Every structure is written in structure tokens, then in C-alpha cells.
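Next come the chains, spelled out residue by residue.
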Amino acid sequence: MTASTAFYAGLGLEVWRAAVSAEETAEEVDFLIEALESEPGDRLLDAPCGFGRHALELARRGYVLTGVDLVEDYLAEAALAARREGLDADFLAEDLRELAFDAVFDGAYCLGNSFGLFDRAGTERFLEGVAAALVPGGRLLLESGMLAESLLPNYEERLWRPVGDLLLLMENRYDPGESRLDTTYTVIQDGVLESRDASHWIFTLAELRGLLEAAGLETVGFCANTDGTPFELGSDRILLVAEKQS
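Here the residue index of a chain counts from 1 through its sequence in written order. Owing to the predicted nature of the model, reporting of local features is limited to residues with pLDDT of at least 70; listing and counting of side-chain atom pairs is limited to 80 or more, with chain, interface and lining totals taken over all residues. To get the side-chain values, all heavy atoms of the structure are used, and hydrogens and water are removed first.

Q: With reference to specific residues and values, describe unusual backbone geometry.
A: For the bond from Ala 47 to Pro 48, the omega torsion is 0°, close enough to zero to count as cis. Structurally, the position occupied by Pro 48 is in the loop between strand E1 (43-46) and helix H3 (53-60). Phi is positive for Glu 37, close to 55°, though the residue is something other than glycine. Assignment of secondary structure puts Glu 37 in the loop between helix H2 (22-36) and E1. Unusually for a residue other than glycine, Asp 190 sits at a positive phi of about 50°. A run of DSSP states H or I qualifies as a helix once it reaches four residues; a run of E qualifies as a strand once it reaches two. Both are numbered from the N-terminal end. Mapped onto the fold, Asp 190 is located in the loop between strand E8 (180-189) and strand E9 (192-201). The exposed category is assigned to Asp 190, whose relative accessible area is 74%. Summary of the burial criterion: residues with accessible area below 20% of their type's maximum are buried, those above 50% are exposed, and those between are partly exposed, where the area comes from a 1.4 Å probe applied to protein chains only.

The following block contains the structure:
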């Protein structure tokens, strides 16, 4: 089981849009620019781009964006916003495991809760595709709240979270034999209830660094937040920067 495009529909579409404020997005973009050592005019790859919250903000700041995703509603929303504002941003329907770019991007990023949606083989293909898409010296910023060091110390089988005017219930089942977290997400709004299933494959930080190295990406730093807080056991998330080797 993994998240399909049907996962991001109905209330499931709305909850991810409401989960992060515009202020938080701006802070993440500030961090992203610094981490990637990017300058306006650089070509950046957003994989996956969702509804373009990072890509659109970067394009407003003078960067050239390509976003890839498979959720048609998100892509249409992002493309419409780019056209309305006259931004230099393209949004393409692409499977992250089938990226076919060849050394055209100065930087790339994978933000949100998307890393780990593929099994090990799919994750390897994704990272290999990102590495191929980067110019030598280009950097990748990768975010995850699903590394073993983050997930397991804080593991709970059942969580309720308010998201704007929605209520999100997460029911978790961890499979230690597969190192996989299966989650049923239930969203409730005004008495309407929708449920979706998704899975995340769980890697340790050492395993992730090994996968990146195998793809030709050397880890150059990592932290737990945009303020540079060190990543440690129990940190909610990691922000990791890797650089493509020549």
C-alpha cells in the first residue's frame, strides 16, 4: 500500500493545503535558497510540487521553476497561479520514479511529507533521477519526518490534529519486518468524513545517506529546522542537503 493520486482528492486535498501557513512557506523558501546556495535565475526542480506553494514563491523571487507531480488538481492550480502572475514556472505530470531530465537544474528539493512514499527500489530510482537532473555541484534539499530517528521515539498508534477548520485523525500501524508505516488518514469537516490509506518506508539517517551516495549525491549537512537546530534522536523532522558530485 502506498499513496495514490486518489489520496489527494476531496477533503484530502484541502487538508494539505491548510496544513502550512504562508509565513511558514516563506521561512522554508528562505532556508531553501540558502541551503541550495541559489541565486535568482537558477533553474530549480520541485519534486513533488503539490499545488506549488514553494515553487510559486521561488518564481516570484526570480527563480526558474519546474514542478513535477501526478495530482492533476494540484498541477492545474499551480499552473493557473503561475499564468495569472506571469511567473517563470512549469508544472508537469511526472512519476517521481521516472524523471528523465539530464543535467538541467542548478538545484532541487523534496519538501513536505513526500519522501518515503516509495519502497527501497522506488526510492533509489527517485534519487538517481534527481541526481541525473542536477548539474555537477547542484544541490538537493530533502525534508522528512519519517526517518527512524524521528518516527520511532515518538511513535503513537492514534493521533488527532486540527488543521484549520478540519480535523485530521491518523491511525498508524508499524510493520517492523518491512520498516514501513501504514497510516489511515481520516479528515472531518462539518460532519463530512473521508478516509485515505498511505504508507511510508522508513530509513535510518545512515541508510538515507548511503542511498544518496549511491546515486552520486554527497551529504553536506543536515539539521532539524530552518533555524539550524541540530538533528538528534526524537527530532520531528530532518532537513538534509546533498550535493551532486562531478
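The structure having been displayed, the exposition proceeds.
Q: So what's going on with the sheet that holds E8? Residues and values would help.
A: Here four strands make up an open sheet; going across it, the order is E6-E7-E8-E9 and the pairing antiparallel. Of all the strands in the sheet, just strand E6 (158-163) and E9 have a single pairing partner and so form its edges. Ignoring which end each strand starts from, the neighbouring axes of this sheet average 20° apart. Pairing geometry for E8 and E9, over 10 bridges, is antiparallel. Two strands qualify as a pair provided DSSP detects at least 2 bridges between them. Structural elements are reduced to axes, namely lines fitted to C-alpha atoms, with helices fitted over the stretch in contact, and the angle between N-to-C directions of any two is expressed from 0 to 180 degrees.

Q: Outline the side chain of Arg 139, listing residues and values.
A: Residue placement: Arg 139 occurs in strand E5 (residues 134-144). Classification of Arg 139 as buried rests on a relative accessible area of 15%. Two N or O atoms form a polar contact when they lie within 3.5 Å of each other; inside protein one atom must be a possible hydrogen donor and the other a possible acceptor, and for residues adjacent in sequence the pair counts only when both atoms belong to side chains. Within the local environment of Arg 139, its side chain forms a polar contact with the side chain of Glu 243, the two groups lying 3.0 Å apart. In contact with Arg 139, not counting residues within four places along its chain, are Ala 35, Leu 36, Glu 37, Asp 106, Gly 107, Ala 108, Leu 134, Val 220, Val 241, Ala 242 and Glu 243. Residue contacts follow a heavy-atom distance rule, with two residues in contact if any of their heavy atoms lie within 4.5 Å.

Q: Before we move on, can you summarise the packing of aromatic side chains with the specific residues and values?
A: Only Phe, Tyr and Trp rings take part, Trp by its six-membered ring, and two of them pair if their centres are within 6.5 Å. Stacked means planes under 30 degrees apart, edge-to-face means over 60, and tilted covers everything else. Counted by the stated rule, this structure contains five aromatic pairs. Aromatic pair Phe 115 and Phe 203: ring centres 6.2 Å apart, planes at 50°, arrangement tilted. Of the two residues, Phe 115 is situated in the loop between strand E4 (105-110) and helix H5 (120-133) and Phe 203 in the loop between E9 and helix H7 (205-214); the sequence distance between them amounts to 88 residues. Looking at Phe 115, the relative accessible area reads 4%, which means it is buried.

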